[in-house]
Amino acid sequence: MIKKLIPLVVLTLLAFMLLTSCEQPGATMAMIIGSINIDPYSESEFGGAEFHVVLIGSGTTVNPFTPGSVDAVTPLVKLDGTFPGTGGNLWTTNYMITDVPAGTYFAFVWIDNDGDGTFVRANGDYFGFYDANTLGSGLWFQPDTPNIVVPDVGLVDIDIWCGYEPPN
Ligand SMILES: [Ca+2]
């Protein structure tokens, strides 16, 4: 009798282990964390300034050089935040976006340097695309293909530079 029960017990234990090791659908999603950095040659002070992290997908274009383009885009994911403090030489801050759906994205960040709620490059609003290449003016232009891959579950670290003088 006991010999007959052993396979049943083993099977029950295996089923229990399988059930408890699986994530429940929708219970956990991916998260993007990272930093927003401004070139160190900037003369602006960003404490208290609002920043915006905009995630868009393939087929959507943001052109910071075309007036109205940034404000017209409908992001797949957006985070609005504020640089800490009220002034001073604050060149960086951290950010976090939770519950990001799996997919591939471009990331565009802009900083409302003049505080008018809209993006106008000519008014000194800083901006940058996430790109592996931060040399030259590459961060001003949308990459050819989405360069951020967000899995179903996990952390993605995306550090973004903004400014007129990208770091070398
Ligand atoms: Ca502005």
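**A closer look at the overall build of the protein chain**
What the protein chain contains, in helices and strands, is two helices and nine strands. Scanning the protein chain from its N terminus toward the C terminus, one meets helices and strands in the order α-β-β-α-β-β-β-β-β-β-β. For the protein chain, the residues scored as buried account for 24% of the 168 residues in total. In the protein chain, of all internal contacts separated by at least 6 residues, the share reaching a separation of at least 24 is 71%.

**Topic: the nonpolar core**
Judged by nonpolar contacts, the single largest core of 32 residues is most densely connected at A107, F108, V109, W110, I160 and C162. Listed by contribution, the elements that provide at least two residues to this core are strand 1 (30–38), strand 2 (50–56), strand 5 (103–111), strand 6 (126–129) and strand 9 (160–162). In terms of residue count, the dominant contributor to this core is strand 5 (seven residues). Leaving out residues up to four positions away in the same chain, F108 has contacts with V54, I56, V62, F127 and F129.

**Observations concerning the pairing of strand 6**
The two faces of strand 6 match: Y126 and G128 on one face and F127 and F129 on the other face are all buried. Alignment of strand 5 against strand 6, held across four bridges, turns out to be antiparallel. Across the sheet, the residue bridging to I111 is Y126, located in strand 6.

**Regarding the environment of Y105**
Residue position: Y105 is located in strand 5. Owing to 25 C-beta atoms within 10 Å, Y105 belongs among the buried residues under this scheme. The spacing of Y105 and T60 is 45 residues in sequence and 9.9 Å in space, taken between C-alpha atoms. Discounting residues that sit within four places of it in the chain, Y105 has contacts with L55, I56, G57, L76, P146, I148 and V150.

**Re the environment of D80**
Tracing the backbone shows D80 in strand 3 (residues 77–82). In this structure, the C-alpha to C-alpha distance between D80 and Y95, residues 15 residues apart in sequence, is 9.6 Å. If near-sequence neighbours (up to four positions away) are discounted, D80 is found in contact with E50 and H52.

**Examining the environment of A49**
Of note, A49 is situated in the loop between strand 1 and strand 2. Using a count of 22 C-beta atoms within 10 Å as the deciding quantity, one classes A49 as buried. Setting aside its immediate chain neighbours within four residues, A49 contacts F83, I111, D112, N113 and G115.

What counts, and at which threshold
Numbering of residues begins from 1 in every chain and follows the order in which that chain's sequence is written. pLDDT decides what is reported in this predicted model: residues at 70 or higher carry local features, side-chain atom pairs at 80 or more are listed and counted, and totals for whole chains, interfaces and linings draw on all residues regardless. Runs of E in the DSSP output that reach at least two residues are strands. Runs of H or I that reach at least four are helices, and both are numbered from the N terminus. With C-beta atoms placed from the backbone, a residue is labelled by how many other C-beta atoms lie within 10 Å of its own: buried for 20 or more, exposed for 12 or fewer, partly exposed between the two. For the purpose of contact definition, each residue receives a C-beta atom placed from its backbone, and two residues are in contact when these atoms lie within 7 Å. Nonpolar cores are built from buried Ala, Val, Leu, Ile, Met, Phe, Trp, Tyr and Cys residues. These are joined into a set through C-beta atoms within 7 Å. When DSSP finds at least two bridges between two strands, those strands are taken to pair.

By themselves, these are just geometric observations and shouldn't be taken as functional.
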